[in-house]
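Chain residues, written in single-letter form:
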Amino acid sequence: MAGRQLSALFSGLAVATLVSAAALAADVKPAVIYDLGGKFDKSFNEGVYNGALKFKKDSGVDFRDLEIQNDAQREQVLRKFAKDGFSPIMTVGFAWETALKKVAPEFADTKFGIIDDVVDLPNVQSIVFKEHEGSFLVGVIAAKTSKTGKVGFVGGMDIPLISKFGCGYAQGVAYASGGKDEVFANMTGTTPSAWNDPVKGGELAKSQIDRGADIVYAAAGATGQGVLKAAADADKLAIGVDSDQDYLFPGKVLTSMLKHVDVATYKSFMDAKNGTWKAGVQALGLKEGGVDFAVDEWNKTVLTADAKAAADAAKADIISGKIEVHDYMSDSKCPN
């Protein structure tokens with residue numbers, strides 16, 4: 001009798017624990033706060049939005065999001081979201097680091113996320129990417145496709161992270177061309193407005209094209225739309241970034257360097273819902289499925305079998321360790 005009572009007690013406790021865990025897992029109220037490029041930048045921010053949208057579709061749990069208008073809003077809106085009970089709160093971009101370091105300790109029970117930076121706090125999930133690896137692959141594709149032996153790169157804000165894209169690209173071009181091809185590189189500006197200046201992006205791309213570049217890679221947020229348009233207008237090719245941008249100018253975008261912020265956002269929110277969310281650093285490269293290059297219906301006429309095969313081979317060699325792509329952010333240098 002006592003054994004049956006004890007068994008029943010443990011069964012009851014187990015059920016209560018499961019119910020409690022389910023309640024905690026279901027008690028998720030996700031939010032996204034975008035960077036200054038805006039939600040619909042067709043690139044970085046929009047990738048995060050798409051991941052949150054897929055989470056909503058698959059889970060039935062809605063999310064809240066906000067586009068800030070200036071840097072001064074960061075701490076204020078982050079604290080407001082936390083006070084309103086949102087968790088996890090995904091912040092998009094390295095520029096959220098300072099605000100997050102200040103606000104996250106004030107809300108120990110709130111889960112926070114940041115993409116593109118590391119904030120070492122017990123309630124923060126830091127998601128960083130090996131952009132240099134993905135950029136290497138599109139550099140290989142550019143070199144295998146270029147007819148002039150000259151290609152371009154237009155970055156957004158002049159920061160080490162964007163130099164990481166450019167350096168990876170230059171390494172891929174050098175690898176595939178045997179060091180023969182030339183890479184022109186320009187940054188759009190030194191302030192956050194550089195992420196949202198398609199006119200300037202287009203001007204920089206045109207200047208590179210005028211110098212002989214027949215392919216231009218943009219890593220510049222919404223500014224990149226100007227780069228892609230300038231290349232299309234000049235009957236040249238562009239390479240998109242972050243999201244698959246091939247559809248923007250079908251047949252004129254050679255490929256896009258995919259940075260799967262959508263997958264990272266989806267997983268973070270779903271893990272929170274399922275009770276498996278963890279703080280700490282996640283570094284996502286080719287091996288982890290964090291970066292890649294786009295192959296789709298929109299670039300099938302311009303991405304040749306040879307260029308794709310070369311990129312696939314380089315991808316396998318990077319994953320195996322045969323090719324080691326230098327990370328500009330490790331020493332602020334790019335190999336010649």
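Criteria and cut-off values
- Residues numbered from 1 in each chain as written.
- Predicted model: local features only at pLDDT ≥ 70, side-chain atom pairs only at ≥ 80, totals over all residues.
- Heavy atoms only, no water.
- Helix = DSSP H or I, 4+ residues; strand = E, 2+ residues; numbered from the N terminus.
- Rg over C-alpha atoms; globule rule 2.2 N^0.38 Å.
- Contact = heavy atoms within 4.5 Å.
- Areas by Shrake-Rupley, 256 points an atom, 1.4 Å probe, with all protein chains shown as cover.
- Lys, Arg positive; Asp, Glu negative; His and termini not counted.
- Charge placed at Lys NZ, Arg CZ, Asp CG, Glu CD.
- Buried < 20%, exposed > 50% of the residue type's maximum accessible area, 1.4 Å probe, protein only.
- Polar contact = N/O pair within 3.5 Å; in protein donor to acceptor, adjacent residues only side chain to side chain.
- Phe/Tyr/Trp six-rings, centres within 6.5 Å; stacked < 30°, edge-to-face > 60°.
- Lys NZ or Arg CZ within 6 Å of the ring centre and 35° of its normal.
- Salt bridge = Lys/Arg side-chain N within 4 Å of Asp/Glu carboxyl O.

Peer 1: Got a sec to walk through the overall build of the protein chain? Specific residues and values, please.
Peer 2: Summing up its helical and strand segments, the protein chain has ten helices and twelve strands in all. Taken against the 2.2 N^0.38 rule, which gives 20 Å for 336 residues, the C-alpha radius of gyration of the protein chain at 22 Å falls within 12% of a compact globule. Expressed along its principal axes, the backbone C-alpha trace of the protein chain runs to roughly 85 × 45 × 35 Å. Taking the contacts inside the protein chain whose residues are at least 6 apart along the sequence as the reference set, 68% of them involve residues at least 24 apart. Carbon and sulfur atoms make up 54% of the accessible area of the protein chain, which amounts to about 15,100 Å² in all. When the 37 positive and 43 negative side-chain charges of the protein chain are each reduced to one mean point, those points stand 3 Å apart.

Peer 1: Account for the side chain of Asn 123, with residues named and values stated.
Peer 2: For Asn 123, the location among the structural elements is in the loop between strand S4 (112–115) and strand S5 (124–129). The buried category is assigned to Asn 123, whose relative accessible area is 7%. A polar atom in the side chain of Asn 123 sits 3.1 Å from the backbone oxygen of Thr 110. For Asn 123, the contacting residues outside a window of four places in its chain are Ala 104, Phe 107, Ala 108, Thr 110, Lys 111, Phe 112, Trp 277 and Ala 279.

Peer 1: Break down the packing of aromatic side chains for me, citing the residues and quoting the values.
Peer 2: Evaluation of the coordinates by the stated rule reveals nine aromatic pairs. Measuring from centroid to centroid gives 4.9 Å for Tyr 169 and Tyr 217, while their planes differ by 55°, and the two rings are tilted. Pair noted here: Tyr 169 is in helix H6 (residues 160–177) and Tyr 217 is in strand S8 (residues 215–219), with a separation of 48 residues, a long-range link. There is no split in this pair, since Tyr 169 and Tyr 217 are both buried. Taken together through their ring pairs, the aromatic side chains of Phe 40, Tyr 49 and Phe 63 make up a single cluster. Here Lys 29 stacks its cationic end above the ring of Phe 86, 4.5 Å away from the centre of that ring. In this structure, Arg 211 packs its charged tip against the face of Phe 184, placed 3.9 Å from the ring centre.

Peer 1: Break down the environment of Asp 235 for me, citing the residues and quoting the values.
Peer 2: In this fold, Asp 235 is placed in the loop between helix H8 (224–233) and strand S9 (237–242). Between the alpha carbons of Asp 235 and Lys 252 there is a distance of 7.4 Å; along the sequence they are 17 residues apart.

Peer 1: Please set out the environment of Leu 66 residue by residue, giving values where relevant.
Peer 2: Mapped onto the elements, Leu 66 comes out in strand S2 (residues 64–67). The partly exposed category is assigned to Leu 66, whose relative accessible area is 27%. Counting along the chain gives 168 residues from Leu 66 to Ala 234, while the straight-line C-alpha distance between them is 36 Å.

Peer 1: For the side chain of Glu 133, give the residues involved together with the corresponding values.
Peer 2: Mapped onto the elements of the fold, Glu 133 is located in helix H5 (residues 131–145). Buried charge Glu 133 goes without a salt bridge, the closest partner of opposite sign being Lys 130 at 4.7 Å. At 2.9 Å, the side chain of Glu 133 forms a polar contact with the backbone nitrogen of Leu 286. What Glu 133 contacts, discounting residues up to four positions off in sequence, is Gly 285, Leu 286, Val 291, Ile 318 and Val 325.

Peer 1: Residues and numbers for the environment of Val 77, please.
Peer 2: Turning to its location among the elements, Val 77 is positioned in helix H3 (residues 74–83). For Val 77, a relative accessible area of 11% gives the class buried. Excluding residues within four positions of it along the chain, Val 77 makes contact with Ile 33, Leu 66, Ile 68 and Trp 96.

Peer 1: Got a sec to walk through unusual backbone geometry? Specific residues and values, please.
Peer 2: The residue after Ser 87, namely Pro 88, is reached through a cis peptide bond having omega 0°. Turning to its location among the elements, Pro 88 is positioned in the loop between H3 and strand S3 (89–92). Unusually for a residue other than glycine, Lys 42 sits at a positive phi of about 65°. Its identity is not glycine, yet Asp 235 carries a phi of approximately 60°, on the positive side.

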